[in-house]
Amino acid sequence: MITALAGGVGAARFLTGLVRVVDPKSLSVIVNTGDDMELYGLHISPDLDIVAYTLAGIVDEGKGWGFKGDTFQFLESLRKFGCETWFNLGDRDLATHVYRTMRLKQGLTLSEVTVEICGALGLETTILPMTNDKFETHIVTNEGMMHFEEYMVKRGAKDVVLGVEFLGAATAQPADGVLNAIENAELVVVCPSNPVVSIGTILSVKGIRDALKRSNARKVAISPIIAGAPVKGPADKLLRGLGVEVSALGVAKLYADFLDTFIIDSVDIAEKARIEQLGIDVEVTNILMRSLEDKIRLAECIVER
Ligand code: GDP
Ligand code: CA
């Protein structure tokens, strides 16, 4: 059994390769829910949907989120009522949100609805929300504290990050199956996701970090930072906001207490020795995933060690 820790787009790109190298049924993916929020009365789970749509082969690959070829007439109509429409919710995507919200209202947990949604999409891989409890990532800026999606999508990540708050982290429990998936895995892969707001959130849920330390699984992470910069997204701004160096080494330090092996890019070979000093093995290879072949090769490199 293989278990992956995942955010959204970076993780989904890697997982596309992984499910071609291992039996998709043997894979469980623990997904960040810190980006979840309520909008228009709907429960939005951005990272759960990105991972599910990508593995189902229906994601808009250019954007990395949403349905391929979706339209946005619902949002346009909503705008007429004076609603804010900065969060892009396509017409086909809307069905997932209506269904999720309806089932949550009927008393199902987020885990249970996720099982249903993945079933409807024909997925064989198990997708586990990190928690079923309310957990929201908020970013502290000069304009005040705001939900991560507001910082990211509405304001285009333009604010200086002064801090990051995980609302609900003090009480949120891991969702059903999460700790088991870590404890019973042979291999745990930390996907190349945002180390603060995608992986950092998962690691902040009670018991998850300890389960990782305890697990006999081989624990491998792929750096989301190449040549001192994220491939995409605001990881650099968030790391800087927390006083963490924007480098593979900086990320390795965040995972050092449980990690066995860190995969870094060939251009970062100069950091290898310093990461090894943290007690982590380092593999150096090409970790920029441009094509499906890149994704498969990276997955093979991890699985076949
Ligand atoms: P989000 O929730 O959609 O922002 O997605 P994630 O947190 O999963 O992914 C964002 C991270 O993915 C960023 O820090 C990127 O640097 C990283 N990323 C995206 N594409 C690649 C890639 O091809 N290779 C590596 N190593 N990292 C990537
Ligand atoms: Ca996300």
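Once a new chain begins, its residue numbering starts again from 1 and follows that chain's sequence as written. Here the convention is simple: chains get letters from A, ligands get numbers from 1, in the order in which they are written. This being a predicted model, a pLDDT of at least 70 is required before a residue's local features are given, and a value of 80 or more before pairs of side-chain atoms are given or counted; all residues contribute to the totals for chains, interfaces and linings. Note that the side-chain values use all heavy atoms of the structure and ignore hydrogens as well as water.

Focus on the site of ligand 1
Okay, step 1: Near residues are defined by distance, with any heavy atom within 4 Å of the molecule or strand qualifying the residue. Contacts to ligand 1 come from 21 residues, most closely from Ser193, Ser198, Pro224, Val231 and Ile287.
Okay, step 2: N or O atoms closer than or at 3.5 Å make up a polar contact, with two conditions inside protein: a donor-capable atom paired with an acceptor-capable one, and, for residues adjacent in sequence, both atoms drawn from side chains. Here an oxygen atom of ligand 1 sits 3.2 Å away from a polar atom, N or O, in the main chain of Ala11.
Okay, step 3: Residue burial considers only the protein chains on display, and all accessible areas are found by Shrake-Rupley using a 1.4 Å probe. When isolated, ligand 1 has an accessible area of 600 Å², and the protein chains bury 92% of it.
Okay, step 4: Considering every element that reaches the shell around ligand 1, the biggest residue donor is helix α1 (residues 9-21), with four residues. Strands here are runs of E lasting at least two residues and helices are runs of H or I lasting at least four, both read from the DSSP assignment and numbered beginning at the N terminus.

Description of helix α11 (residues 248-255)
Okay, step 1: Counting buried residues along α11, six of its eight residues qualify, which places the element largely inside the surrounding structure.
Okay, step 2: Partly exposed describes any residue whose relative accessible area lies between the buried limit of under 20% and the exposed limit of over 50%, with all areas from a 1.4 Å probe on protein chains only and scaled to the type maximum. Considered for burial, the residues of α11 that qualify are Ala248, Leu249, Gly250, Val251, Ala252 and Tyr255.

Focus on the sheet that holds strand β5 (residues 126-129)
Okay, step 1: Pairing in this open sheet of seven strands is parallel, and the strands run β5-β2-β1-β9-β10-β13-β14 from one edge to the other. At either margin of the open sheet sits one strand with a lone partner, and together these are β5 and β14 (281-285). Each strand axis lies, on average, 20° off the axis of its neighbour in the sheet, ignoring direction.
Okay, step 2: Looking at chain direction, strand β10 (residues 218-222) and strand β13 (residues 261-265) are connected through three bridges and run parallel. Following the sheet pairing, Val220 is matched in β13 by Thr261. We treat two strands as partners when DSSP finds at least two bridges between them. The axes used here are C-alpha line fits, helices contributing only the stretch in contact, and every angle between their N-to-C directions lies in the interval 0 to 180 degrees.

Observations concerning the packing of aromatic side chains
Okay, step 1: Only the six-membered ring of Trp is used, alongside the rings of Phe and Tyr, when aromatic pairs are assigned; centres must lie within 6.5 Å, and planes under 30 degrees apart are stacked while those over 60 apart are edge-to-face, with the rest tilted. Taken as a whole, this structure holds six aromatic pairs when the rule is applied.
Okay, step 2: Both rings, one in Phe135 and one in Phe166, keep their centres 5.6 Å apart while their planes meet at 35°; by these two values the pair is tilted. With Phe135 in the loop between β5 and β6 (136-141) and Phe166 in strand β8 (residues 163-167), this pair connects stretches of sequence that are 31 residues apart.
Okay, step 3: Judged by its relative accessible area of 23%, Phe166 is partly exposed.

Side note on the packing of helix α4 (residues 91-105) against helix α5 (residues 110-120)
Okay, step 1: Relative orientation of the contacting elements α4 and α5 amounts to 140°, with a least axis distance of 9 Å. Taken together, the axes of α4 and α5 are oblique relative to one another. The way α4 lies across α5 gives a crossing that is right-handed. Counted together, Thr96, Tyr99, Arg100, Arg103 and Leu104 of α4 and Leu110, Val113, Glu116 and Ile117 of α5 form the full contact between these two elements.
Okay, step 2: The classification used treats Ala, Val, Leu, Ile, Met, Phe, Trp, Tyr, Cys and Pro as nonpolar, Asp, Glu, Lys and Arg as charged, and all other residues, Gly among them, as polar. The residue inventory of the contact of α4 with α5, partitioned by class, reads five nonpolar, one polar and three charged. When an angle is under 35 degrees it counts as roughly parallel; over 145 it counts as roughly antiparallel; between 65 and 115 it counts as roughly perpendicular; any other value is oblique. Crossings are assigned a handedness: left-handed for a near helix turned anticlockwise from the far helix by less than a right angle, right-handed for a clockwise turn. Two residues form a contact once any of their heavy atoms are found within 4.5 Å.

As far as function goes, none of this settles anything; it's purely spatial.
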